[in-house]
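Close look at the chain arrangement
Below are the chains, spelled out letter by letter.
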Amino acid sequence: MVANLAPSVRATSDPTYQTALQQFDRAVAYLRDLPDGLIEFLKWPRRELSVNFPVRMDDSSVKIFSGYRVHHNTVLGPSKGGIRYSLHVSLDEVRALAMWMSWKCALVNLPYGGAKGGVIVDPKAMSVAELANLTRRFTSEIILFIGPNIDIPAPDMGTNAQTMAWMMDTYSMTVGYSVPAVVTGKPINIGGSLGREEATGRGVIVCMLEALRQQGLHRSPKDINVVIQGFGNVGSNAAQRAYDLGFNIIAVSDVTGGYFNPKGLNIPEMRAFVQRSAKRTLQGYVGDAERMSNAELLELPCDVLIPAAMEGQITASNAPRIQASLIVEGANGPITPDGDDVLNDRGITVVPDILANAGGVTVSYFEWVQGLQEYFWDEDEVYRRLERVLIKAYDNVVTTAEHHGVDLRTAAQITAINRVAQATLTRGFYP
Ligand code: GLU
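Residues numbered from 1 in each chain as written. Predicted model: local features only at pLDDT ≥ 70, side-chain atom pairs only at ≥ 80, totals over all residues. Heavy atoms only, no water.

1. Comments concerning the packing of helix H3 (residues 36-43) against helix H15 (residues 408-427)
Two numbers describe how H3 lies on H15: the axes approach to 11 Å, and their chain directions differ by 115°. Relative to H15, the crossing made by H3 is right-handed. Together, Leu 38, Phe 41 and Leu 42 of H3 and Ile 417, Val 420, Ala 421, Thr 424 and Leu 425 of H15 make up the contact between the two elements. A per-class count over the contact of H3 with H15 returns 7 nonpolar, 1 polar and no charged. (Axes fitted to C-alpha atoms, helices over the stretch in contact; angles between N-to-C directions. Helix = DSSP H or I, 4+ residues; strand = E, 2+ residues; numbered from the N terminus. Left-handed = near helix turned anticlockwise from the far one by under 90°. Contact = heavy atoms within 4.5 Å. Nonpolar A, V, L, I, M, F, W, Y, C, P; charged D, E, K, R; others polar.)

Next up, the structure:
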């Protein structure tokens, strides 16, 4: 069926893209009524832009950077997804992340397709001025690919509200008027939404509570031990929310390693430490915590494990040693398909990324809607609506899982892919 597709599109050695493609194959095996051509259409990215561009550095030298923006699917609406700054970025990684955005948006019923972008760069090695230059030039390179009704970027790993402000300004200066709705995750004072910054982490905890409820675990939160890998936007906001609800956060980690205290970590203190540190890491934190490696942290005995760092963290090699009974995926793609198999065999519940971390894009949607209407909601309204969206999606996934007798990831993918498939059939193929 893929005979005419460019070989470079369908052959990949990238583990993240392999994960996304394998998850897709597993899910569509349950959608037997869909025609083969439609399945191929859903599987591959719609359009891809690769750019190489110069950036003036503080020492007045010029460096060349590579970046990407991929629109995976646009059937349900304009495409949506973050921009990542990381040395791990590659076209294949962006393809995988764009595909997950398509399923994530469909799963929570947002009128969006899926996209993703990235630049190969270590943002922690750049000054603020260099990051502004890089962001503005990258925005200008992809400007024909983005727009409030075309494709709407947002923050992801290595980017934040300030990055979005620069993108919004560059786009607006180019078209000659302010277009806040071209990006989401903006600072509040230029049209951002209350609650957007906390939304992904908060959504992770909404899903954790739902999963605990469904498992019939009615222990008091203080007796439930939570381990969180990653202390960036997602991990630290999830940690804060769980801490505020009284859960015992026994370990967190970031690029500098793990921090462990079986009696519970002081999350507000750790967040304040990161805010004050030049590189925004836990390097040098000397609170009441024992040090350990990221690998050791994943294997700690606990009730809930929240991988909120990056892809491919749990595989067939460490999955046999995971001791959590529940995993809630804050990151995109932290578990490989062979890792999933081991966890499923061991009866460990996994709340998949496209559900667990969908809080971010959901409040991005709220931000976009508020901006277009020029009518802004209070924080309570944002959180109330966020919870409603996620719990509804969670219930749908559980119903699909029971119907097909599959795990929550496969159920989430079946639900999402089928929504995009049905919309495609309703629209029909052009011409
Ligand atoms: N980067 C986030 C994600 O992976 C948010 C995307 C968005 O808000 O558009 O879901």
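2. Side note on the sheet that holds strand S9 (residues 290-292)
On the basis of which strands lie adjacent, the open sheet formed by 7 strands has the order S9-S8-S7-S6-S10-S11-S12 and mixed pairing. The strands lining the two open edges of the sheet, one partner per strand, are S9 and strand S12 (349-351). Along the sheet, successive strands turn relative to each other by an average axial angle of 20°, direction set aside. Sheet topology note: the strand S7 (residues 248-254)/strand S8 (residues 257-260) ladder contains 4 bridges and is antiparallel. Bridge pairing in S8 places Ala 251 opposite Phe 260. In this fold helix H7 (residues 196-214) packs onto strand S6 (225-229), strand S10 (304-307), strand S11 (326-328) and S12, with an angle of close to 155° to the strand it touches most, S11. (Pairing = 2+ DSSP bridges.)

3. Focus on the packing of helix H2 (residues 15-28) against H3
At a closest axis distance of 11 Å, the pairing of H2 and H3 adopts a crossing angle of 150°. On the basis of their axis angle, the class for H2 and H3 is roughly antiparallel. Our pair here, H2 against H3, has a crossing hand that is right-handed. Residue-level inspection shows Leu 21, Phe 24, Asp 25 and Val 28 of H2 in contact with H3, the latter providing Ile 39, Leu 42 and Lys 43. The residue makeup of the contact of H2 with H3, split by class, is 5 nonpolar, no polar and 2 charged. (Parallel < 35°, antiparallel > 145°, perpendicular 65-115°, else oblique.)

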